[in-house]
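Fold and geometry: a report
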Amino acid sequence: MQFPLGPSLCLLGFLLVCVFPQPAPGQAEDGFMCKTPAIADIVILVDGSWSIGRINFRLVRTFLENLVRAFSVEFDKTRVGLAQYSGDPRIEWHLNAHTTKQAVIDAVKNLPYKGGNTLTGLALTFIMENSFKAESGSRSGVPKIGILITDGKSQDDVIPPAQRLREAGIELFAIGVKNADENELKAIASAPAETHVYNVADFSVMSEIVEGLTKTVCDRVEQLDKQIKGEPAPPPTSVAPPRDLVTSDITARSFRVKWTHAPGQVEKYRVVYYPASGGQPDEKVVQGTENSVELNYLNSLTEYQVAVFAIYRSSASEALRGSATTLALPMVNDLELFDITHSTMRVRWKTAAGASGYMILYAPLTEGDPADEKEVKVSDSVKEVELEGLTPATEYTVTVYAMYGEEASDPMTSQQTTLPLAPAQNLRFSDVSHSSARLAWDSASRKVLSYRVMYVKTNGVQTNEVDVGRVNTWFLKNLTSLTEYTVGVFAIYDEGQAEPTTDSFTTKMVPDPLDLKSSDVSPDSFRVSWEHPAPDVVLYRLTWTPTDGGDSEEALVNGNVNTYLIKGLSPLSEYEVLLAAVYGNEVESDEVVLVETTVERTTSVATTTTTTAAPRFGVRNMRIDEETTFSMRVSWQPVDSRNVRHYRLSYISARGDRAEETVRLHPQHPPIMLPQLQLPIRTNSYSKWSKVSAGLCLHPSQSGRDRTSGAQGGFRLSTHGASSGTGGGRCHWNKTQTLQTEYGCGR
């Protein structure tokens, strides 16, 4: 049966089974349980090369655990042994090392990750020569079944050793994962390939073939058991064990075991050792002429149980037992994390005596993907490294092990947090107008790739964003007047985006047209001109109205024009001119006011010449500011004040419920407060020589807006107790001795 190949994982497992009849067991804890009345000797060969990875190696352990659960494991029933290899094979535990299923499962769970290359042919030969021996717990007269697990092509020849295993009566199954060579699998497995070769796509789906594999193995066990049922193994011969076990030369990672020879023709001695607190046994085998062996690669500060067996040609002795405790394995000291940036930190430690190298593990101090943990290995001469590619503003745990071959000392651990990405600094604003503002900020770091400017109306929802490159100033345009904006500047790095530096500013009011004035006055026309207040004016709205009553007229002037000839006027008539600027976002400025009077027509006869009087100028650029519900400030700019005696101001309630009041103002008099006013009112002031020269509608409900233009004169109107329903009033003044009063409100 075949499955698609899966993720890259260099793993090879080889499972050898010898079976005896036994009573049918019950169901396994999870999944299929082999019910054939048989017992088995199982030897598992696992390739623990570096390409497996720690995460996938856990999946291998789970697969092997489920495989073991399908059989009854006891000393007189099924036995399980395991060897691991990469470049060099080694025994993890022999068939007779564990006597219960739980002990084997615990050993599988604690199976270490070896690391190295993949030499499958050498590993098969190692199993042939070491696993099927009486001293290893193999029992004669038992059918032999092998299961191979691999994810790639072997680096050596597998055909001869696989053939020798099959010729020795071992039935082979082959399991390929991901990139396994299917032809190689078929060359290793026994026939037929349809039931003895498996391909899976991923180690994560290995569990899906456990039930099918164990059923097939179980069936073959039963068939092979029937074939050899009449061939019982010869009874073992009782022999004496070796004597006088002595341990010496104890270090943190090794000690020597010595004994007195057992009697008779001993072919080999088998030395089994394992931690007394629990763990997988290991073993060494020496020739029968030797009586000592050094046990290496031990854990420090650990008590080990040792058993020595004398191996004869067809039997083995009882064990000679003893124990020894290793010394502490030197570890690194004075671990220090320093020179910390947003993406790097340096690690420094004091070396450990006798270490062959050091291993540094580091990972964010969060419950993330185990793949986030990274590993660095250095030689014994290195005592300082730089960790790179770290995440900004993240706490890291750094652990350093002193390595002694493949064994590691107890860890030394420390924690530090990387710096956040440096943000832009000192955000500031300048050249703020009604529609634009200039931003500036200080550079964050030489490592900044660019800056991103985001701005939004403080009370709005639509965010504007622009990447401005590596500059540290930017001009915002097309803003809305009298609006508060919140601005954030982000520094962009390879590692991401720094926290923003933020601040706010408020745009100004759209400016009014400047310096409104008149010229070229004639009996039926005069020209008005002005200065542009800003470059983004779209058009001007110009309105003129006779001050003594009559219809208003209006003209729209293109925004790039600053003069207009008002025609069709009546001679010797006073006109009020209002000018407002209209901007692109349809916001309109306040109006500026000009009052101008057309001149009288001239006539001449042969003997008499009639001329007009000298020009009588009114005021211009009248402004209203500092408006409140009960007061206002009015200011203006006289055109020619050489002959002005005084200004006379009269005011009256628009409702007619108060008597008229009059105030006379000196041309240089500062603004005055008119007490006890009630709005709406209309006021008029006149010069001595002209009738009506100015007018402005006042609205008490408006907020104060600046209409000051450097006026040379002014007065203050105040009112008390105004009704909430007041509509407005018009303020007029002129240099005259005649008092006139208007009622109502108009432009």
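Predicted model only: the values in this text are computed from it and were never measured.

1. Notes on the overall build of the protein chain
When helices and strands are counted, the protein chain shows 7 helices and 46 strands. Within the span of the protein chain, comprising 747 residues, buried residues form 48% of the whole. Within the protein chain, residue pairs in contact and separated by at least 24 positions form 69% of the contacts whose partners lie at least 6 positions apart.

2. Some remarks on the sheet that holds strand β10 (residues 268-275)
Here we have 4 strands laid out as an open sheet, ordered β11-β10-β13-β14, and antiparallel in their pairing. Taken across any chain shown, the strands that pair with only one partner, and hence form the sheet edges, are β11 (282-287) and β14 (320-325). Averaged over all neighbouring strand pairs, the angle between strand axes comes to 20 degrees, with direction disregarded. As judged from the 6 bridges shared by β10 and β11, these two strands associate in the antiparallel manner. Paired with R270 across the strands is V285, a residue of β11.

3. Notes on the packing of helix α1 (residues 54-69) against helix α7 (residues 210-227)
Each pair of packed helices can be summarised by the angle the axes make with each other and by the distance between the axes. Packing of α1 against α7 brings their axes to within 10 Å, and their N-to-C directions diverge by 40 degrees. The angle between α1 and α7 falls in the class oblique. The crossing of α1 and α7 is right-handed. Here α1 contributes F63, N66 and L67 to the contact with α7, which in turn contributes V210, L213 and T214.

4. Remarks on the nonpolar core
One finds F63, L64, W93, I175, L213 and V217 to be the most contacted residues of the largest nonpolar core, which totals 41 residues. Counting only elements with at least two residues in this core, the list comes to β2 (39-47), α1, β3 (79-85), α2 (101-109), β5 (144-150), β6 (170-177), β7 (197-200) and α7. Contacts of W93, omitting those with residues within four sequence positions, involve V80, G81, L82, H98, V104, A107, V108, L111, Q280 and P281. Core analysis: the next-biggest nonpolar cluster, separate from the first, contains 23 residues, A123, L124, F132 and L185 among them.

5. Quick look at the packing of aromatic side chains
Throughout the structure, instances matching the rule amount to 8 aromatic pairs. The interplanar angle of 65 degrees and the centroid separation of 5.2 Å between the aromatic rings of W530 and Y540 together place this pair among those described as edge-to-face. Here the residue W530 occupies a position in strand β32 (residues 525-531), and Y540 occupies one in strand β33 (residues 537-546), the gap between them amounting to 10 residues. Residue W530 is classed as buried on the basis of its relative accessible area, which comes to 2%.

6. Quick look at the sheet that holds β32
Spatial strand order, β31-β32-β35: 3 strands in an open sheet with antiparallel pairing. Of all strands in the sheet, those with a lone pairing partner are β31 (514-519) and β35 (563-567), marking the two edges. Between one strand and the next, the sheet's axes are offset by a mean angle of 20 degrees, whatever the strand orientation. In terms of strand pairing, β31 meets β32 through 4 bridges, oriented antiparallel. Looking at the pairing, S518 lines up with V528 of β32.

7. Things to note about the pattern of salt bridges
Summed over all chains, the structure comprises 20 salt bridges. Among the salt bridges present, the one from K186 reaches E182, with a minimum N-O distance of 3.8 Å. In this pair, K186 and E182 are both assigned in helix α5 (residues 182-188), 4 residues apart and thus about one turn of the helix distant. Across the salt bridge formed by E384 and R346, the nearest N and O atoms sit 2.8 Å from each other. One end of the pair, E384, is in strand β19 (residues 384-387); the other, R346, is in strand β16 (residues 345-350), and 38 residues separate them in sequence. Salt bridges linked by common partners bring E336, R346, R348, E384 and E386 together as one network.

8. Let's talk about the confidence of the model for the protein chain
Considering every residue of the protein chain, the mean pLDDT works out to 76; 75% of them sit at 70 or more. At the level of individual helices and strands, the protein chain shows its lowest average pLDDT in strand β44 (residues 696-698), which scores 33, and its highest in β32, which scores 96. This stretch, residues 1-29, has a pLDDT under 50; its non-local contacts, to residues over four places away or in other chains, come to 161 contacts. Low confidence marks residues 678-747, where pLDDT is under 50. Its contacts with residues over four positions away, or in another chain, come to 271 contacts.

How each quantity is defined
Residues numbered from 1 in each chain as written. Predicted model: local features only at pLDDT ≥ 70, side-chain atom pairs only at ≥ 80, totals over all residues. Heavy atoms only, no water. Helix = DSSP H or I, 4+ residues; strand = E, 2+ residues; numbered from the N terminus. Buried < 20%, exposed > 50% of the residue type's maximum accessible area, 1.4 Å probe, protein only. Contact = heavy atoms within 4.5 Å. Pairing = 2+ DSSP bridges. Axes fitted to C-alpha atoms, helices over the stretch in contact; angles between N-to-C directions. Parallel < 35°, antiparallel > 145°, perpendicular 65-115°, else oblique. Left-handed = near helix turned anticlockwise from the far one by under 90°. Core = buried A, V, L, I, M, F, W, Y, C linked by side-chain atoms within 4.5 Å. Phe/Tyr/Trp six-rings, centres within 6.5 Å; stacked < 30°, edge-to-face > 60°. Salt bridge = Lys/Arg side-chain N within 4 Å of Asp/Glu carboxyl O. pLDDT = per-residue confidence, 0-100.

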